[in-house]
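Chain residues, written in single-letter form:
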Amino acid sequence: MAIADKYSQSLIDIVDMRIFIICNSDQLSLPVIHQLQVTGKLSGVGILKKSAPYLVGPLTSIGVDSSMIHELNSDQWISDIKKILADINPSTVWVLTFPYMIPDELLNIPIHGWVNFHYGKLPSYKGNDPVFWQIKNMEPTGGLTVHSMTSKLDEGPVLLSEPVPIAPGETYGLHCQKLGIIASRYCDTIISNQQNGKFLEDIVGHPPGLYEKKPNTADLTIDWSRQSANEIEALVNATNPKYDGAITSINGIPIRLIEVSPADLPIEHEIGPGMVVHADVVYGIIVSCIERKFLRINIAKINEGYASGVRLYSLGISKGAFFK
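Residues numbered from 1 in each chain as written. Predicted model: local features only at pLDDT ≥ 70, side-chain atom pairs only at ≥ 80, totals over all residues. Heavy atoms only, no water.

Turning next to the packing of aromatic side chains. Counting across every chain of the model gives 8 aromatic pairs. Seen from their ring centres, Phe-132 and Tyr-243 are 5.5 Å apart, and the 70 degrees between their planes marks the pair as edge-to-face. With Phe-132 in helix H6 (residues 130-136) and Tyr-243 in the loop between helix H10 (229-238) and strand E9 (246-250), this pair connects stretches of sequence that are 111 residues apart. Among the residues examined, Phe-132 registers a relative accessible area of 0% and is labelled buried. (Phe/Tyr/Trp six-rings, centres within 6.5 Å; stacked < 30°, edge-to-face > 60°. Helix = DSSP H or I, 4+ residues; strand = E, 2+ residues; numbered from the N terminus. Buried < 20%, exposed > 50% of the residue type's maximum accessible area, 1.4 Å probe, protein only.)

Structure below.
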């Protein structure tokens, strides 16, 4: 493209920003996609083919025409995206959760580059699933960090940095819903900052984050002998609903805790962590934790389905049993 032609194209883009979205989440991406759709700035949406069963329906329900939804093959997504960008020529690409690193050969294609929406604080919560790690670690605030993408993980000039409070008892799902709505409110600000090259800071060169890895089974499992009642409640909230609850077992039966809450009990004798100290048809199941604190099990998942603490009692979990 000649210099004069590229300059003219740049002026057109400033007036008429055309944004292609790549996403792999509904809660985190749909509010932004809807905002771009109603303002005429959406040029298309790319999703992995394996995610199509749970993303196509929600996308069409908010007004995205099926012709604008592009399914990407997991084994050739780079060439798929390259072809899409050549066909529709967007001004920029916004990434709202995607499991793969974007290579330079793609980053250099749109005139305004690529932008990543990171749903956590940077650089301390770089990498996979900052929402989980922040809730698990009982952070009072999470964050929305929007930055221009480079070939390095979660690094690049920052276009927007907004702290997002994590309310007491807030679950993974509720926090994601909040993040998605907040992100949609900043679309115009992000577009303006992107077009004008207005950056808040540059996170290149910061040390790597502490939580770049995806949570593994050990991270999702309750350690009754070491974790406090507050830590267990935070883990339960961090796993609801994405990881199907925090992992534990009782009487040799695997169980996932979906919702728990603090409980007060006047118990004088010595008890051990993980012990069921109360079980009946009124209050359900109450479990002891370290430091003589107690948690009531409100909702759990067992092989037979979801169950309240009262239902667990009716299924035979009684006082004196131990969660492991």
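In terms of nonpolar packing, the biggest core is built from 71 residues, with Ile-21, Trp-94 and Phe-117 touching the most fellow members. Residue contacts for Trp-94: discarding those within four places in its chain leaves Ile-19, Phe-20, Ile-21, Ile-22, Val-32, Leu-36, Val-115, Phe-117, Cys-187, Ile-190, Ile-191 and Gln-194. Phe-20, Leu-48, Leu-72 and Trp-114 belong to the second-largest nonpolar core, a separate cluster that totals 16 residues. (Core = buried A, V, L, I, M, F, W, Y, C linked by side-chain atoms within 4.5 Å. Contact = heavy atoms within 4.5 Å.)

As a further point, take the packing of helix H2 (residues 30-38) against helix H7 (residues 172-185). For any two helices packed against each other, the geometry comes down to the angle between their axes and how far apart the axes lie. Orientation of H2 relative to H7, taken along the N-to-C sense of each, is 25 degrees, at an axis distance of 7 Å. Here H7 runs roughly parallel to H2, going by the angle between their axes. For the pair H2 and H7, the sense of crossing is right-handed. Across from Pro-31, Val-32 and Gln-35 in H2, the residues of H7 making contact are Gly-180, Ile-181, Ala-183 and Ser-184. By residue class, the composition of the contact of H2 with H7 is 4 nonpolar, 3 polar and no charged. (Axes fitted to C-alpha atoms, helices over the stretch in contact; angles between N-to-C directions. Parallel < 35°, antiparallel > 145°, perpendicular 65-115°, else oblique. Left-handed = near helix turned anticlockwise from the far one by under 90°. Nonpolar A, V, L, I, M, F, W, Y, C, P; charged D, E, K, R; others polar.)

For an α-helix, the turn length of 3.6 residues means that residues three or four places apart are oriented alike. Extensive coverage of H10 is indicated by the burial of 8 of its 10 residues. Buried within H10 we find Ala-229, Ile-232, Glu-233, Ala-234, Leu-235, Val-236, Asn-237 and Ala-238. Elements in contact with the buried residues of H10: H6, H7, helix H9 (217-220), E9, strand E10 (253-263) and strand E13 (294-302).

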